[in-house]
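# Geometric and topological summary
Spelled out from the first residue to the last, the chains are:
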Amino acid sequence: MAVKGSKATVLTFAEKCKSILASNWRGNLNTIKADVKGSKEDIYTSKVKYFIRKGKPYIWVPEKDLHNVNAIIDERGSFAVTSPYPGPLSSLLRSTKKLPARVALTGDIVLLKGEKIKVAAESLRASISSERKVIEQSTYSVSSILSSSNLVSTSRSENLQELLDGSTQYMVYKFDLSSCIYVDNSGGTHEIDLEDIRASKSDPLSPFASSLIDGINQSEVRRRGLILFCITYLNKNAKDAFMLSVDRKGFDVLGKVLGPVRKDGSREYQWKEFRFTLKEEASDVESFCRQLAEMEEEALKNVSSFSGIC
């Protein structure tokens, strides 16, 4: 159930990219600054909201944002999106100087006009409605986790709703990819074939990833469960643990465990990343939360049968 990452137990880099893009709703858009004389080489950057449609980011840029002027002169752009790191996970990553995994895209930002804007808006509206329906119809195994999360800041659907409210005027762009790079937690880069991106499977947990991660990390009971996972499945006597990421095949945990013995015989606690796999792929958020609860029960029984573990 808990093993080191292999092709069978982790997502491919292309799947990770697709999962990150679908789990977030904010990204950093970069365009080339322009004036009446044409393109310059200075870069303008701002954080914008987006959603994924047919594998491509559709970006909502506020009407008065400089990107709209830049794109008229030069459509080239880049777009960077990080894996969700809500609430206490954000503070932990900063304190340990760890970086969240992220996706870096280059390509062209193509302005939508007329009917295409309506189609994109309707697609976004349908996506928001679908996510809300899943949450409304969820059982206790899901709601018990989500209720601990700060949904105002972690719910993808709630944060995207304002794009449709009409309080702010937006220009809508489709981002046509020309390259995709996956950047792992250690800063290592992996160039992804765009065909692999198009062919990769969407992860059913992605729209709810931020809320799931935050709900687990905000709950002392759930965090104790993660500690028990480290103890029972990996034989790592963890002092603390946080959920780092979730997907249909399993989840990654940052555990605070004793490091190697130093020359003077001492040992210090350090944060290490561990991978846990599910018994079966989660077809939806309900399946993931059910299996997580089953793992917690199993880990608790295992610890209860041991002696000398506190």
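Overview of the structure. Predicted, not measured: the structure shown is a model, and the values here were computed from it.

Next up on the list: the overall build of the chain. Looking only at helices and strands, the chain has 11 helices and 10 strands in total. Here the C-alpha radius of gyration of the chain, 21 Å, is about what a compact globule of 310 residues would show, namely 19 Å. Along the first, second and third principal axes, the C-alpha atoms of the chain reach 75 × 50 × 35 Å. In the chain, which comprises 310 residues, the proportion classed as buried is 48%. For the chain, the share of sequence-separated contacts (at least 6 apart) that also reach a separation of at least 24 residues comes to 68%. Total accessible area computed for the chain in this model is approximately 15,900 Å², and 51% of it derives from carbon and sulfur atoms. Between the mean site of the 45 positive side-chain charges and the mean site of the 39 negative ones, the chain shows a separation of 3 Å.

As a further point, take the sheet that holds strand E9 (residues 250-258). Read across the sheet, 3 strands follow the order E8-E9-E10 without closing on themselves; strand pairing throughout is antiparallel. Each edge of the sheet is formed by a strand with only one pairing partner; in this case those strands are strand E8 (240-247) and strand E10 (269-277). With strand direction ignored, the average angle separating the axes of adjacent strands in the sheet is 25 degrees. Pairing between E8 and E9: 7 bridges, direction antiparallel. Along E9, the bridge assignment pairs aspartate 247 with glycine 250. Helix-sheet contacts for helix H3 (residues 88-95) involve E8, E9 and E10, and the interaxial angle to E8 is about 110 degrees. This element, helix H11 (residues 285-305), spans E8, E9 and E10 of the sheet and lies at about 35 degrees to E9.

Before going further, it helps to spend a moment on the side chain of aspartate 65. Within the fold, aspartate 65 resides in the loop between strand E3 (56-62) and helix H2 (67-73). Despite being buried, aspartate 65 has no salt bridge partner; lysine 33 is the closest side chain of opposite charge, sitting 11 Å away. At a separation of 3.3 Å, a polar atom in the side chain of aspartate 65 contacts the side chain of serine 46. Setting aside residues no more than four positions away along its own chain, aspartate 65 makes contact with Tyr44 and Ser46.

So, on to the layout of surface pockets. Counted as a void, the largest pocket has a volume near 880 Å³. The wall of the largest pocket is formed by 39 residues, among which Lys16, Asn185, Ser245, Asp252 and Glu273 lie closest to the centre. Breaking the lining of the largest pocket down by element, the ones donating at least two residues are helix H1 (13-23), H3, helix H9 (209-217), E8, E9 and E10. With 5 residues, H1 is the single largest residue contributor to the lining of the largest pocket. Broken down by class, the residue content of the lining of the largest pocket amounts to 20 nonpolar, 9 polar and 10 charged. Approximately 400 Å³ is the volume attributed to the second largest pocket. If you trace the second largest pocket, you find 21 residues lining it, with Ala22, Ser127, Glu131, Arg156 and Pro207 closest to the centre. Elements supplying a minimum of two residues to the lining of the second largest pocket: H1, strand E2 (38-53) and helix H4 (115-136). Of the residues forming the lining of the second largest pocket, the biggest block, 5 residues, is contributed by H4.

Now for the packing of aromatic side chains. Counted under the stated rule, the structure contains 12 aromatic pairs. Ring centres of phenylalanine 51 and tyrosine 58 lie 6.2 Å apart, and the angle between their planes is 45 degrees; this geometry places the pair in the tilted category. Tyrosine 58 matches phenylalanine 51 in its accessibility class, with the two residues each being buried. Plain terms: the ring middles of phenylalanine 251 and phenylalanine 276 are 5.5 Å apart, the flat faces sit at 20 degrees to each other, and that makes the pair stacked. Remark: phenylalanine 276 occurs in strand E10 and phenylalanine 251 occurs in strand E9; sequence separation between them is 25 residues. For phenylalanine 251, a relative accessible area of 0% translates into the label buried. For phenylalanine 276, a relative accessible area of 0% gives the class buried.

All told, the structure shown has 1 cavity of 30 Å³ or more when counted by the stated rule. Here the largest cavity is characterised by a volume of approximately 60 Å³. Forming the boundary of the largest cavity are Glu131, Ile135, Leu146, Ser155, Arg156, Ser157, Pro207, Phe208 and Ser211. By residue class, the composition of the lining of the largest cavity is 4 nonpolar, 3 polar and 2 charged.

Let us look at the nonpolar core. Ranked by size, the top nonpolar core spans 41 residues in total, and within it Leu212, Phe229, Val246, Phe251, Phe276 and Phe288 carry the most contacts. Within the residue set of this core, elements represented by two or more residues are H3, helix H5 (140-146), H9, helix H10 (220-234), E8, E9, E10 and H11. Setting aside its immediate chain neighbours within four residues, phenylalanine 229 contacts Leu234, Phe251, Phe276, Leu292, Met295, Glu296 and Ala299. Core analysis: the second largest hydrophobic core is formed by 23 residues, Ala14, Val48, Val81 and Tyr182 among them.

Criteria and thresholds
- Residues numbered from 1 in each chain as written.
- Predicted model: local features only at pLDDT ≥ 70, side-chain atom pairs only at ≥ 80, totals over all residues.
- Heavy atoms only, no water.
- Helix = DSSP H or I, 4+ residues; strand = E, 2+ residues; numbered from the N terminus.
- Rg over C-alpha atoms; globule rule 2.2 N^0.38 Å.
- Buried < 20%, exposed > 50% of the residue type's maximum accessible area, 1.4 Å probe, protein only.
- Contact = heavy atoms within 4.5 Å.
- Areas by Shrake-Rupley, 256 points an atom, 1.4 Å probe, with all protein chains shown as cover.
- Lys, Arg positive; Asp, Glu negative; His and termini not counted.
- Charge placed at Lys NZ, Arg CZ, Asp CG, Glu CD.
- Pairing = 2+ DSSP bridges.
- Axes fitted to C-alpha atoms, helices over the stretch in contact; angles between N-to-C directions.
- Salt bridge = Lys/Arg side-chain N within 4 Å of Asp/Glu carboxyl O.
- Polar contact = N/O pair within 3.5 Å; in protein donor to acceptor, adjacent residues only side chain to side chain.
- 1 Å grid on protein atoms, 1.4 Å probe; cavity = no way out; pocket = protein on both sides within 12 Å on 5 of 7 lines; lining within 4 Å.
- Points joined across faces, edges and corners; volume = space filled by probe spheres on them.
- Nonpolar A, V, L, I, M, F, W, Y, C, P; charged D, E, K, R; others polar.
- Phe/Tyr/Trp six-rings, centres within 6.5 Å; stacked < 30°, edge-to-face > 60°.
- Core = buried A, V, L, I, M, F, W, Y, C linked by side-chain atoms within 4.5 Å.

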